[in-house]
Amino acid sequence: MRVTVRLFARLRDIVGAGELTRDVATGASVGTLWNQLVADHPGLAAYARSMSSAVNADYAGPDHVLREGDEVAFLPPVSGG
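The present account deals with the structure reproduced in this document. Note that the structure is a prediction, hence the values are computed from the model and not measured.

Parameters and conventions
- Residues numbered from 1 in each chain as written.
- Predicted model: local features only at pLDDT ≥ 70, side-chain atom pairs only at ≥ 80, totals over all residues.
- Heavy atoms only, no water.
- Phe/Tyr/Trp six-rings, centres within 6.5 Å; stacked < 30°, edge-to-face > 60°.
- Helix = DSSP H or I, 4+ residues; strand = E, 2+ residues; numbered from the N terminus.
- Buried < 20%, exposed > 50% of the residue type's maximum accessible area, 1.4 Å probe, protein only.
- Salt bridge = Lys/Arg side-chain N within 4 Å of Asp/Glu carboxyl O.

**Some thoughts on the packing of aromatic side chains**
A full pass over the atoms with the stated rule returns one aromatic pair. Geometrically, the ring pair formed by tryptophan 34 and phenylalanine 74 is tilted, given 5.1 Å between the ring centres and 55 degrees between the ring planes. With tryptophan 34 in helix H2 (residues 30-40) and phenylalanine 74 in strand S5 (residues 71-75), the pair connects residues that are 40 residues apart, well separated along the chain. No difference in accessibility class separates tryptophan 34 from phenylalanine 74, as the two residues are buried.

Structure, rendered in structure tokens:
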């Protein structure tokens, strides 16, 4: 099934794009998708413990099961004041 991946800030810089389309297996989770991205872009691994994710604009954890057409956003931590 196909999902859209949105990447922000440093994650976008590492991958070289702010949006990707990915094919994932039926029953794949946000965590599965993240692991696939890390396999293709190892620089993402440094953000695994600190980034947030959302599915269709709602925060979602790594166990959230994806469905056809979902939009998954990965957001690194931000700093500032």
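**A few points about the pattern of salt bridges**
Applying the stated criterion to the full structure yields three salt bridges. Here arginine 6 and glutamate 19 are joined by a salt bridge, their closest N and O atoms 4.0 Å apart. Residue arginine 6 is found in strand S1 (residues 2-7), and its partner glutamate 19 is found in strand S2 (residues 19-23); the two are separated by 13 residues along the sequence. By relative accessible area, which is 29% here, arginine 6 ends up partly exposed. Residue classification places glutamate 19 among the partly exposed positions, given a relative accessible area of 48%. Across the pair aspartate 40 and arginine 22 runs a salt bridge whose closest N-O atoms are separated by 2.9 Å. A residue pair is termed long-range when its members are at least 10 positions apart, and aspartate 40 in helix H2 and arginine 22 in strand S2 qualify at 18 residues. A relative accessible area of 46% places aspartate 40 in the partly exposed class. Here arginine 22 falls in the buried class, since its relative accessible area comes to 16%.

Honestly, that's just the spatial picture; any functional story needs more than this.
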